[in-house]
Amino acid sequence: MTRRLAQVAQKVGVSEATVSRVLNGKPGVSEATRQAVLTALDVLGYERPTQLRGERGRLVGLVLPELSNPIFPAFAEVLGGVLAQRGLVPVLCTQTPGGVQETDYVDLLLQQQVSGVVFAGGRYAQADASHDHYRLLAERRLPVVLINASVPGLGFPQVSCDDAVAAEQAWRHLASLGHERIGLVLGPGDHVPSQRKLAAARAVAAAGGRELPDDLVARAMYTLEGGQAATATLLERGVTGVICASDVIALGAVRAARRRGLGVPADLSVVGFDDSALMTCTSPPLSTVRQPIEAMGRAAVEMLVAQFGGRDVARDELLFEPELVVRESTGPAPR
């Protein structure tokens, strides 16, 4: 019992005495803390006391497109922690190639009668994808929050990193280092965040009296291999700097340069996006644009919980400012 009290107290961030009061049904504990303690019992695999077994922690679906890209586990960690503090149990749903897809998870979550769903990346960002399952959630009036840019018209609250500002920061950084042949490696053409980055890059280039021609914009899947293949094409077209839509793509760009016997940043400067885990440990450490995932995750949960209480939540997109993080993968343009 003592070990259980200590583990639950540590999980929730309260004293063992507070946990004991909850388990014994004693007064003097707020409802939020009480729910957080009960949720911690569930998460840690402990049985609830007999008098509390009729209560069940509220479930919240957390739908991610993948876990191989480190930014998504980072979002899951932030969101899961904040949900648990609120007495909510996150149900992690991750898509797999050829396996369970986003539409399947929506059906499953509805069967489980979840209290709400947070999507951190998915088909809502793709203009050409089917969006029927989102409309089903809207018809059911289930609380939903989307993280990062979506197609217009879905009507859900949305928390996003400002893609336009991210592209502007990366472009100006490379331009300040003397780069004139700057390429972009983005996601598919129907991907809304990539569309925003491209529009912003073209605008900032034009403001500086330059152009960003189509042949310096490459498309890739969000994988290391995709980044490598796309960057190889841009290198043939003479770029000296490349801005990538994710850190994983950027690592592929570094590999493409090295496979050609080029140095980074001596011959090619590379900027990523996300500032995901271990980017300080790459060779060279990656210059990137950081998403403020902690603030975005907390805001997403706040929006979700507000909907639980029946409060009106603005459907406008809440934009968060990214931060350029300069490390060692960018340098002066080669002469």
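Residues numbered from 1 in each chain as written. Predicted model: local features only at pLDDT ≥ 70, side-chain atom pairs only at ≥ 80, totals over all residues. Heavy atoms only, no water.

1. A word on the domain arrangement of the protein chain
Here comes step 1: We note that the domain assignment places domain 1 (1-52), domain 2 (59-161 + 292-322) and domain 3 (163-290) within the protein chain.
Here comes step 2: Put simply, the middle of domain 1 and the middle of domain 2, counted by C-alpha atoms, are 28 Å apart.
Here comes step 3: Tallying the contact residues gives four residues for domain 1 and five residues for domain 2.
Here comes step 4: Summed over both sides, the interface between domain 1 and domain 2 buries roughly 360 Å², with carbon and sulfur atoms accounting for 66% of that surface.
Here comes step 5: Where domain 1 meets domain 2, there are zero salt bridges.
Here comes step 6: The tally of links from domain 1 across to domain 2 stands at zero residue pairs in polar contact (both at pLDDT 80 or more).
Here comes step 7: Split into classes, the residues belonging to the side of domain 1 that touches domain 2 amount to two nonpolar, two polar and no charged. (Domains from an automatic or database assignment. Contact = heavy atoms within 4.5 Å. Buried area = accessible area lost by both parts, 1.4 Å probe. Salt bridge = Lys/Arg side-chain N within 4 Å of Asp/Glu carboxyl O. Polar contact = N/O pair within 3.5 Å; in protein donor to acceptor, adjacent residues only side chain to side chain. Nonpolar A, V, L, I, M, F, W, Y, C, P; charged D, E, K, R; others polar.)

2. Overview of the sheet that holds strand 8 (residues 241-244)
Here comes step 1: Ordered by their spatial adjacency, six strands build an open sheet running 7-6-8-9-10-12, and the pairing between neighbours is mixed. Two strands bound the open sheet, and with one partner strand each, they are strand 7 (217-219) and strand 12 (323-325). Going across the sheet, the axis of each strand differs from the next one's by a mean of 20 degrees, ignoring polarity.
Here comes step 2: With three bridges connecting them, strand 6 (residues 182-186) and strand 7 associate as parallel partners. Bridging from a neighbouring strand, Val-185 pairs with Ala-218 of strand 7.
Here comes step 3: The sheet contacts of helix 10 (residues 247-259) involve strand 6, strand 8, strand 9 (269-274) and strand 10 (287-290), and relative to strand 9 the element is tilted by about 160 degrees. (Pairing = 2+ DSSP bridges. Helix = DSSP H or I, 4+ residues; strand = E, 2+ residues; numbered from the N terminus. Axes fitted to C-alpha atoms, helices over the stretch in contact; angles between N-to-C directions.)

3. Some remarks on helix 5 (residues 102-111)
Here comes step 1: Every buried residue of helix 5 is listed here: Glu-102, Tyr-105, Val-106, Leu-109 and Leu-110. Projection of helix 5 onto a plane perpendicular to its axis shows the buried side chains occupying an angular sector of 135 degrees, all on one side.
Here comes step 2: Buried residues in helix 5 make contact with strand 1 (58-64), strand 2 (88-94), strand 3 (116-120) and helix 6 (132-139).
Here comes step 3: Just past helix 5, the residue Gln-113 takes up positive phi, approximately 55 degrees. (Buried < 20%, exposed > 50% of the residue type's maximum accessible area, 1.4 Å probe, protein only. Arc of directions from axis to C-beta.)

4. A word on the packing of helix 9 (residues 224-236) against helix 10
The geometry of a pair of packed helices is captured by two quantities: the angle between their axes and the separation between those axes.
Here comes step 1: Two elements in contact, helix 9 and helix 10, have axes separated by 7 Å at closest approach and are oriented at 50 degrees. With respect to helix 10, the axis of helix 9 lies oblique. Both helix 9 and helix 10 take part in a crossing whose hand is right-handed. Two secondary-structure elements touch here, helix 9 through Leu-224, Gly-227, Gln-228, Thr-231, Ala-232 and Leu-235 and helix 10 through Val-248, Ile-249, Leu-251, Gly-252, Ala-253, Arg-255, Ala-256, Ala-257 and Arg-259.
Here comes step 2: The residue inventory of the contact of helix 9 with helix 10, partitioned by class, reads nine nonpolar, four polar and two charged. (Parallel < 35°, antiparallel > 145°, perpendicular 65-115°, else oblique. Left-handed = near helix turned anticlockwise from the far one by under 90°.)

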